[in-house]
Amino acid sequence: MTLTRSTTTVLTAAALGGVLLLTGCEPNQKSGDGSITVSSTDDKCDVSAEKAPAGTLKFDVTNDGLKVTEFYLLGEDGLRIIGEVENIAPGLNRSLTVTAPEGKYFTACKPGMVGDGIRGDFTVTKSEGGTEVAAEDSQLADQATTQYASYVKDQTEQLQSGTEKFAQAYKDGDDAEARKLYASVRMHWERIEPVAESFGDIDPKLDLREADLVDGQEWTGWHLLEKDLWPPKDSYTALSDADRKKYADLLVSDTKVLFDRTRDITFTPDQLSNGAKELLNEVATGKVTGEEEIWSHTDLWDFQANVDGARIAYEDLQPLLATRDKELDATLKTRFDDLQKLLDKHKDGDGFVLYTDLSKKEIKELADSVNALSEPLSTLTEKVVG
Amino acid sequence: MADRPGVSRRALFGVGAGTLAAGAAAGYFGHDSVAEAVGAESDVVDFYGEHQAGIVTEAQDRMCFAAINVLTSDRNELVDLLQKWTKAAANLSQGLPVVPDGVGGGSRMAPPIDTGEAQGLSAGHLTITIGFGRSLFRDADGMDRFSIADRLPEGLIEFPHFPGDQLEDSRVGGDLCIQACADDPQVAVHAVRNLIRMGFGTVSTRWMQLGFGRTASTSPDQETPRNLFGFKDGTANVRSDESKALDEHIWVRDGSWMEGGSYLVARRIRMHIETWDRESLDGQEQIFGRTKVDGAPLSGGDEFATPDFSMAGSGNQPIIPVDSHVRLAHPSQNNGVRILRRGYNYADGADTRGNLDAGLFFIAFVADPETDYVPMQNRLAAQDALSEYLVHTGSGLFAVPPGVQEGGYIGQSLFT
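Residues numbered from 1 in each chain as written. Chains lettered and ligands numbered in written order. Predicted model: local features only at pLDDT ≥ 70, side-chain atom pairs only at ≥ 80, totals over all residues. Heavy atoms only, no water.

### A few points about unusual backbone geometry
Residues and elements named next belong to chain A.
No. 1: The backbone phi angle of Ser 235 is positive, close to 40°, even though this residue is not glycine.
No. 2: Owing to a relative accessible area of 79%, Ser 235 belongs among the exposed residues under this scheme.
No. 3: One non-glycine residue, His 297, adopts positive backbone phi at about 60°.
No. 4: Turning to its location among the elements, His 297 is positioned in the loop between α7 (269–287) and α8 (299–324). (Buried < 20%, exposed > 50% of the residue type's maximum accessible area, 1.4 Å probe, protein only. Helix = DSSP H or I, 4+ residues; strand = E, 2+ residues; numbered from the N terminus.)

Here you go:
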């Protein structure tokens, strides 16, 4: 596994707490090109309009000052953040897109990123076309993130107990049992990999591939044991019993760290959608190429697990997405189904055939299907946070 | 081969494709004057000089790179080829065939000396740069085939394994390298093809790479180009007018046979184009540490503004992320090390899964690979957020000897 930027990307439009949301991501045809320009200086916040019709609003914010600035659209109480854009350095330009229904708001520039900011009144007037609904959007978002958090907790629990079993078998020298458990236990890891990766230190300890090592770095984790269980024919020295114990115990204790950190974990909708995208990236660059499991060739287990994790994230977000973009929702559903049908063709008993048993044509089919799903999936974040 | 006066491709270009004025001039002043007049338009880069051409030369838009195996163990045969290559390269650089009149001027019963596909084309700023790999000094079996092992320059190290490397055997190493750059790919390929042809029996091609779209500027007059991620990169490149920085960071200054030479680092870096294209604009900018459209550092200003790595953003986190490419690659974060990047984009069709095999053919010239390249690449491979989208599939390091004056040959200082 390579390092990933994971789900930490700054969220530009945080409409999470917003009860005030509209359906539809069709830009509301209102003023001119639709965007409201904002010039933020160290002591001024010039907003080109004080009102706009309800719907999708785009603020085009330029920092004309000398300090780093932020821009906010706040609710009537002056506290609730409808949308924000941070980290606008001097001379740079950023846009903020939010969906806002009729009501009173405040705009605020925050040069220097401290204090309450330079505020102005902003009014959203009744929309001419947009259908106002879904005050429950925020409930749908909450529901999605809560469900996903439960899923992550459940998977880490299963990962923990499975890893303990695997480690015991491996330490006992029961290689047949360890080989049997390897792929199925790892599925719990692969389903929630972006979460594990968001804790930067755990992923390299548990899932580093030999090729990703820095010269001199100690190799630990699943793939070290994979190589020992499916050793290469030539010039390989098996791990000693002492090393077996050492690395198996480490695997268990490092997994425990992940387990502990995910007990009270919470998520935002963009973390679900970005996580789903990343899981498919993992499939595209690691599993469909057979690079993840170069000794055991159990890549299709990981493949399935990545797709499972992405699908769960999508399904948790689905009620929210359905209020925003039915077409995307329908496309994603179809393409998840298509990909699953392809994977099902390669099922063998409780698991899958080995990657090395796939023909070039079958691999190409899988890769095409991954691309077909990943491309629309990459637009999900914008729909669920906007 | 008849020793007739050569017809320069440059001259032909002048008549055929020059301005109306130049075309008209041909009628009055005749052929030789046209050649001079067109020469004044300077699409010819001088082959001779203190340094080999193709390093600080304003980066052309196309490249053909070849890594070469030397088949012979005969030192004289190798030197003889280097002498032939030098003469041919000097001719090619002027827009001539490998030998004057080499296309149609020989016996009709023999194959033309020059393959001919560049006939009628401009010199196109062609530069030919030749380098020596570590295996030339001591081959894989430990043999010192050419009695030069004791002259192995310190900088010609064996690269360590870098994290994430997935080098393909068929794209690694080489006893020699030829880097041909030009405005026109046909001119660049013609040059490499003909040099290889001249050496059959003595050398063979190990691997080859075509590049398009320069990804670096080597002159202050050139705009910073974009890589296939759509970003401007290498803004902090050492430029041709920075003679002090060139002496310090690019040219070898140790009084050895490498004096005035440099080291060429070649890395074929495949990009995961498809997954990159699914990253949000915000995510892409966070990864590079620059804005996409303008190339400004996220700390503000324009493209050439110095990135302010200490500027705090929201949550008191650096506004230029700690794992961003601009931060990890910047000289200020690498003990002041600067390099001269001279890479090209490449697109070699699609792989069996239907994904583009495309990316960056990274070429950099440095005075000391051990200190100027290895630590930076280790850092980038291990920490750079961009590395998630990259895999290095090819690699080579070559000692590029100094340039020569007319009458000399490339590598003369090594073999005398």
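### Some thoughts on the environment of Ile 312 of chain A
All names here are of chain A.
No. 1: Inspection of the secondary structure assignment puts Ile 312 in helix α8.
No. 2: Since its relative accessible area comes to 23%, Ile 312 is described here as partly exposed.
No. 3: Along the primary structure Ile 312 and Glu 177 are separated by 135 residues, whereas in three dimensions their C-alpha atoms are 30 Å apart.
No. 4: Setting aside residues no more than four positions away along its own chain, Ile 312 makes contact with Tyr 148 and Tyr 151. (Contact = heavy atoms within 4.5 Å.)

### A closer look at the domain arrangement of chain A
No. 1: Each assigned domain of chain A is listed here: domain 1 (20–125) and domain 2 (137–385).
No. 2: Here domain 1 of chain A and domain 2 of chain A have C-alpha centroids that lie 39 Å from each other. (Domains from an automatic or database assignment.)

### Looking at the nonpolar core
No. 1: Formed by 76 residues in total, the largest nonpolar core has its most connected members in Tyr 148, Phe 166, Leu 225, Phe 267, Phe 303, Leu 332 and Leu 366 of chain A.
No. 2: Counting residues per element, this core draws most heavily on helix α1 (residues 137–171) of chain A, at 12 residues.
No. 3: Contacts of Phe 166 of chain A, omitting those with residues within four sequence positions, involve Ala 178, Leu 181, Tyr 182, Trp 222, Leu 225, Leu 229 and Leu 251 of chain A.
No. 4: Ranked by size, the runner-up nonpolar core spans 73 residues in total, among them Leu 81, Phe 159, Phe 229 and Phe 231 of chain B. (Core = buried A, V, L, I, M, F, W, Y, C linked by side-chain atoms within 4.5 Å.)

### Overview of the packing of α1 of chain A against helix α6 (residues 241–261) of chain A
All names here are of chain A.
No. 1: Interhelical geometry of α1 versus α6 gives an angle of 175° and a closest axis separation of 9 Å. The angle between the axes of α1 and α6 places the two elements in the roughly antiparallel class. Across the interface between the two elements, Thr 156, Glu 157, Leu 159, Gln 160, Thr 163, Glu 164, Phe 166, Ala 167, Tyr 170 and Lys 171 from α1 touch Arg 244, Lys 245, Ala 248, Asp 249, Leu 251, Val 252, Thr 255, Lys 256, Leu 258 and Phe 259 from α6.
No. 2: In terms of residue class, the contact of α1 with α6 is made up of nine nonpolar, four polar and seven charged. (Axes fitted to C-alpha atoms, helices over the stretch in contact; angles between N-to-C directions. Parallel < 35°, antiparallel > 145°, perpendicular 65-115°, else oblique. Nonpolar A, V, L, I, M, F, W, Y, C, P; charged D, E, K, R; others polar.)

### Let's talk about α8 of chain A
Residue and element names in this part refer to chain A.
No. 1: The terminal C-alpha atoms of α8, which comprises 26 residues, lie 35 Å apart, in line with the 38 Å expected from a rise of 1.5 Å per residue.
No. 2: The largest bend along α8 reaches roughly 55° and is located at Gln 318, with the proline Pro 319 sitting one to four residues downstream.
No. 3: For α8, a buried count of 19 out of 26 residues is recorded, marking the element as mostly surrounded by other parts of the structure. (Expected span 1.5 Å × (residues − 1). Bend = angle between axes of the 7 residues up to and from the residue.)

### A word on the interface of chain B and chain A
No. 1: Facing 41 residues of chain B, the contacting portion of chain A comprises 38 residues.
No. 2: Between chain B and chain A, roughly 3200 Å² of surface is buried when both sides are summed, and carbon and sulfur atoms account for 50% of that area.
No. 3: Three residues, Arg 278, Arg 353 and Glu 388 of chain B, lead the burial of chain B against chain A; their summed loss comes to 26% of the area buried on that side.
No. 4: Our count for the chain B to chain A interface comes out at three salt bridges.
No. 5: A salt bridge links Lys 277 of chain A to Glu 279 of chain B; the nearest nitrogen and oxygen atoms lie 3.3 Å apart.
No. 6: Those elements that provide at least two residues to the side of chain B that touches chain A are α7 (273–276), α8 (281–288) and α11 (374–383) of chain B.
No. 7: Per-element tally for the side of chain B that touches chain A: the top contributor is α8 of chain B, with five residues.
No. 8: In terms of residue class, the side of chain B that touches chain A is built from 14 nonpolar, 18 polar and nine charged. (Buried area = accessible area lost by both parts, 1.4 Å probe. Salt bridge = Lys/Arg side-chain N within 4 Å of Asp/Glu carboxyl O.)

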